[in-house]
Structures are given as structure tokens and as C-alpha cells.
Amino acid sequence: MVCLGNICRSPLAEGILKSKLPQDKFIVDSAGTSNYHMGSPPDKRSVAVARKYGLDISNLKGRQFSVADFDAFDYIYVMDESNYNNVISLARNKQDKEKVKFILNDVYPNQNYNVPDPYYGGDHGFENVYKMLDEACSIIAKSLI
Ligand code: 4NP
């Protein structure tokens, strides 16, 4: 799960998808394309909306996406077009590029919709992001199990 800061959207996506998959069979992780928040916990508004829906993401720590993630993971879900372009720019080959997917394309195929960045908005933005990610992760989990 990849966003810009790895403190708002992608930690939520990580927590939500983890909650829908058997823990012993899948590794779900998140990262940011930037190095702005390395080592930081998720934004308190993401922690709060996750807690509201029964998930604890408070122990996650921000890290930056790296080329090694193309080897470590089968699927790389990005939140928006900017994340997509940043991740694709690190891809070494066609196989790397094919791993990169807009997370909302599992809900709205081929539309390349963005999960809006809630960082500069209010709590409502985080609730909205949670619902979008929950819907997408339900479909992703069903397709993987
Ligand atoms: P995220 O949100 O990409 O969903 O984690 C952001 C968090 C921090 C910043 C931008 C977006 N920032 O500019 O610090």
C-alpha cells in the first residue's frame, strides 16, 4: 500500500487489508513515496478513524518505498496518480510495472480514480478515505483468498 507520506492513507489501507486476510498467509505492508515521515506513527486522524472501526494502526511506522519492494511484494497498490507515477519511475522492467495498481481500480475497473489526500482537510476526509479503502480491500481480499 503506497501513498505520499505513509501516515494517512496507506497505513489505513494496510490495517484494513490485514484485517480481511489470514495473517499467516499474507504479508501486507505500506510505504510512502516521500521520506517526509520516516519512522513516524500514522496521523492521529487515521489512527482515530481506524479505532472507530475496530482496528489498531497506532504501532505502524512510516517508511519510504524502495526498489526492493518490487521484489518483496506481488502487488503494489497506490492511492493516486502521483503515487503511481513516482512508483513507476522506480520500476526496472515490465514485470515491476505490472505489479503497480490503482487501489480503486478493483472497485471501478480501469478508471484510475484517486483516493483523495486527506492530510490538509478535516476529519470527514479521513472517514471518506476509510470507506473507500474498506470497499476496495474487501474486493481485493476476496480475489486473493
Ligand atoms: P498520505 O498523506 O500521503 O496519505 O500519508 C500525506 C501526509 C503528509 C503529507 C502529504 C500527504 N505531507 O506533505 O507531509
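Note that the structure is predicted; figures quoted are calculated from it, not measured. (Residues numbered from 1 in each chain as written. Predicted model: local features only at pLDDT ≥ 70, side-chain atom pairs only at ≥ 80, totals over all residues. Heavy atoms only, no water.)

## A closer look at the site of the ligand
- What surrounds the ligand is the set Cys3, Leu4, Gly5, Asn6, Ile7, Cys8, Arg9, Tyr36, His37, Asp117, Tyr119 and Tyr120.
- Separating an oxygen atom of the ligand from a backbone N or O atom of Asn6 is a distance of 3.2 Å.
- A distance of 3.0 Å separates an oxygen atom of the ligand from a polar atom in the backbone of Ile7.
- Its free accessible area being 350 Å², the ligand has 92% of it covered by the protein chains.
- Assessed atom by atom at 2 Å from the grid points, the ligand resides in the second largest pocket.
- Within the shell around the ligand, the residues separate by chemical class into 7 nonpolar, 3 polar and 2 charged. (Near = heavy atom within 4 Å. Polar contact = N/O pair within 3.5 Å; in protein donor to acceptor, adjacent residues only side chain to side chain. Areas by Shrake-Rupley, 256 points an atom, 1.4 Å probe, with all protein chains shown as cover. 1 Å grid on protein atoms, 1.4 Å probe; cavity = no way out; pocket = protein on both sides within 12 Å on 5 of 7 lines; lining within 4 Å. Sits in = over half its atoms within 2 Å of the grid points. Nonpolar A, V, L, I, M, F, W, Y, C, P; charged D, E, K, R; others polar.)

## Topic: the packing of helix α2 (residues 44-52) against helix α6 (residues 123-144)
- Closest axis-to-axis distance for the α2/α6 pair is 10 Å, and the angle between their directions is 55 degrees. Taken together, the axis directions place α2 and α6 in an arrangement best described as oblique. As for how α2 packs across α6, the hand of that crossing is right-handed. Residues Arg45, Ser46, Val49, Ala50 and Lys52 of α2 form the contact with α6, whose participating residues are Asp123, Phe126, Glu127 and Tyr130.
- Classifying every residue of the contact of α2 with α6 gives 4 nonpolar, 1 polar and 4 charged. (Axes fitted to C-alpha atoms, helices over the stretch in contact; angles between N-to-C directions. Helix = DSSP H or I, 4+ residues; strand = E, 2+ residues; numbered from the N terminus. Parallel < 35°, antiparallel > 145°, perpendicular 65-115°, else oblique. Left-handed = near helix turned anticlockwise from the far one by under 90°. Contact = heavy atoms within 4.5 Å.)

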